[in-house]
Amino acid sequence: SEKNLVTIPVVYVFDKNYAAYSCVSTISALQHATEDIVFHAITDHTDDQAEKIFLDELDAHGQPVKTYKANLGAEFVAGRISSSAYLKLSIPNLVEEKKILYVDGDTIFKNCPSLPFGIDLEDNVLGGVCDYSHFPKHRKKWESKIIPFENANEMYINTGLLLWNLKAPENINLIEKCKEIGESYPDKLRFNDQDLLNKVFEGKKKIINYQFNHQVWNGIISKSDWGRISAPTYKNVNLFHFIGKYK
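Since the model is a prediction, treat every value here as computed from it, not as a measurement.

## Here we look at the overall build of the chain
A count of helical and extended segments in the chain gives eight helices and 10 strands. Relative to the globule expectation of 18 Å for 247 residues, the C-alpha radius of gyration of the chain, 17 Å, shows essentially globular dimensions. With respect to the principal axes defined by its C-alpha atoms, the chain has extents near 45 × 40 × 35 Å. Taking all 247 residues of the chain together, 51% fall into the buried category. When contacts within the chain are restricted to residue pairs at least 6 apart in sequence, long-range pairs at least 24 apart make up 82% of them. When the accessible surface of the chain is totalled, it reaches about 12,100 Å², and 50% of it is carbon and sulfur. Treating the 29 positive side-chain charges of the chain as one cloud and the 32 negative ones as another, the clouds have centres 8 Å apart.

This is the structure we're talking about:
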């Protein structure tokens, strides 16, 4: 099919340790793209190496990139995840798009990014998939460990893929709001920015199909299991997300 029908803005944030993973994710997006993609890369203002790794690789594929240097101006709890994950809080301030697709670097596309990007957010700010920890069989174990929601039925999403309405007024002062929440619940921050975004945008999240962020706990998956789930027809997966410490 012909391209140029839609241009998909896809945003990555990473440090020098995650730059190579992000490169692999972007290349998988290009390989499956049926529309044009514009990549946006956000790195910390002190980390020139991360940006160089990413730009060199994407340049080798003839793919331009819009780059940004972020300075959050605030300290956040490191938690279990690299502090660079907090850089996604700067997206509304830096990226001049109405709507974007944010993607973690530890992912592989199996189909075009235009599929999740085309989802209608309605009056929501974020679109995302339910986090693995909040599947019905796990939820009771986890909900007491995270920042509490006002509504008991509120879903906790995984921020490895986000459809994000950047023009929503709820994005105003996002970094400051997240800092305040983090200071209010220091013992509840387990998954860094993911916890904060879930709380800040409570009631403004659209739950989308699991195929758009199929989380694979890679510490326990066998080679035969991977062969099965990576088959082209497996559950119409659009994006695999390798959660856990092994990448």
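Now that the structure has been shown, we can carry on.
## A few points about the sheet that holds strand β9 (residues 214-217)
Read from one edge to the other, the open sheet built from three strands follows the order β5-β10-β9, with strand pairing classed as mixed. The outermost strands of the open sheet, each flanked by one partner alone, are β5 (107-109) and β9. Sheet twist, expressed as the average angle between the axes of neighbouring strands with direction ignored, equals 20°. Summarising the sheet, β5 and strand β10 (residues 239-243) pair through three bridges and their orientation is antiparallel. By the bridge assignment, F109 is partnered in β10 with L239.

## Some remarks on helix α1 (residues 19-32)
In an α-helix, one full turn covers 3.6 residues, which means residues spaced three or four apart are oriented alike. Here α1 spans 20 Å end to end across 14 residues, near enough to the 20 Å set by a 1.5 Å rise per residue. Listing the buried residues of α1 in full gives A19, S22, C23, S25, T26, I27, S28 and A29. Tucked into the core, α1 has its buried residues touching β1 (7-13), β2 (36-44), α2 (48-60), β4 (99-103) and β5.

## As for the packing of aromatic side chains
Two aromatic rings, taken as a pair, are described by how far apart their centres are and by the angle between their planes. Per the counting criterion, the structure on display carries seven aromatic pairs. Judged by centre distance (4.9 Å) and plane angle (35°), the rings of F14 and F54 are tilted. Here the residue F14 occupies a position in the loop between β1 and α1, and F54 occupies one in helix α2, the gap between them amounting to 40 residues. Judged by its relative accessible area of 1%, F14 is buried. What makes F54 buried here is its relative accessible area of 1%. One aromatic cluster is present, built from ring pairs that chain together Y12, F14, F39 and F54. One residue, K99, lies across the ring of F117, its end atom 4.6 Å from the ring centre.

## Overview of the packing of α1 against α2
Put simply, α1 and α2 touch, their axes get as near as 9 Å, and they point 30° apart. It follows that α1 is roughly parallel to α2 by the angle criterion. The interaxial crossing formed by α1 with α2 has right-handed handedness. Each of A19, A20, S22, C23, T26, I27 and L30 in α1 lies in contact with α2, whose residues at this interface are A50, I53, F54, E57 and L58.

Thresholds, definitions, all that
- Residues numbered from 1 in each chain as written.
- Predicted model: local features only at pLDDT ≥ 70, side-chain atom pairs only at ≥ 80, totals over all residues.
- Heavy atoms only, no water.
- Helix = DSSP H or I, 4+ residues; strand = E, 2+ residues; numbered from the N terminus.
- Rg over C-alpha atoms; globule rule 2.2 N^0.38 Å.
- Buried < 20%, exposed > 50% of the residue type's maximum accessible area, 1.4 Å probe, protein only.
- Contact = heavy atoms within 4.5 Å.
- Areas by Shrake-Rupley, 256 points an atom, 1.4 Å probe, with all protein chains shown as cover.
- Lys, Arg positive; Asp, Glu negative; His and termini not counted.
- Charge placed at Lys NZ, Arg CZ, Asp CG, Glu CD.
- Pairing = 2+ DSSP bridges.
- Axes fitted to C-alpha atoms, helices over the stretch in contact; angles between N-to-C directions.
- Expected span 1.5 Å × (residues − 1).
- Phe/Tyr/Trp six-rings, centres within 6.5 Å; stacked < 30°, edge-to-face > 60°.
- Lys NZ or Arg CZ within 6 Å of the ring centre and 35° of its normal.
- Parallel < 35°, antiparallel > 145°, perpendicular 65-115°, else oblique.
- Left-handed = near helix turned anticlockwise from the far one by under 90°.

Any functional reading would require information beyond the geometric quantities listed.
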